[in-house]
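# Residue-level structure breakdown
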Amino acid sequence: MHPLSWNTFYGRHEIIELLLKYGADVEADFDLGGSINEKTGELEKVTVLDVVEKILASEVDDEQRMRFAVTRNLLMKHGAVRYAVVEPEL
């Protein structure tokens with residue numbers, strides 16, 4: 001994973017903002033290798049926004065939800081788009 005991935009995973013939006021200010025790529029693959037789609041078996045790109053959406057779709061407390069919502073909005077402000085299909089954990 002790259003610095004943007006690590007800080008996104010932990011919801012550190014202040015650091016994310018600095019990384020984006022200095023050129024971090026919001027479209028970079030989250031783990032720099034892609035992920036295997038469980039349904040198709042194909043390699044797919046998963047970005048930091050995809051990971052944030054998956055976290056928000058899971059059961060998180062209100063504080064985490066707020067932190068990751070701020071992170072999502074910041075990423076989208078900088079042009080992030082979703083690639084992976086995000087389904088909540090059952």
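To be clear, the structure that these remarks concern was listed above.
Remember, it's a predicted structure, so these values are computed and weren't measured experimentally.

Each value, and the rule that gives it
Residues numbered from 1 in each chain as written. Predicted model: local features only at pLDDT ≥ 70, side-chain atom pairs only at ≥ 80, totals over all residues. Heavy atoms only, no water. Helix = DSSP H or I, 4+ residues; strand = E, 2+ residues; numbered from the N terminus. Contact = heavy atoms within 4.5 Å. Core = buried A, V, L, I, M, F, W, Y, C linked by side-chain atoms within 4.5 Å. Buried < 20%, exposed > 50% of the residue type's maximum accessible area, 1.4 Å probe, protein only. Patch = residues over 30% accessible without salt bridge, like charges linked within 9 Å, V, L, I, M, F, W, Y side chains within 5 Å. Areas by Shrake-Rupley, 256 points an atom, 1.4 Å probe, with all protein chains shown as cover. Salt bridge = Lys/Arg side-chain N within 4 Å of Asp/Glu carboxyl O.

### Examining the side chain of threonine 71
Tracing the backbone through its elements, the reader meets threonine 71 in helix H4 (residues 62-77). Setting aside its immediate chain neighbours within four residues, threonine 71 contacts Thr8, Gly11, His13, Ile16 and Val52.

### Brief notes about the nonpolar core
Counting 17 residues, the largest nonpolar core has Ile16, Leu20 and Leu75 as the members making the most contacts within it. Contributions of two or more residues to this core are made by helix H2 (13-21), helix H3 (48-57) and H4. The dominant element in this core, judged by the number of residues it contributes, is H3, at six residues. Among all residues touching leucine 20, those that are not within four sequence positions of it are Leu4, Val26, Leu74, Leu75 and His78.

### Observations concerning a nonpolar patch on the surface
A cluster of nonpolar residues, Met1, Trp6, Phe9 and Tyr10, forms a patch on the protein surface that exposes about 400 Å² of accessible area. When you line up the elements, tyrosine 10 lands in the loop between helix H1 (3-9) and H2. For tyrosine 10, a relative accessible area of 39% translates into the label partly exposed.

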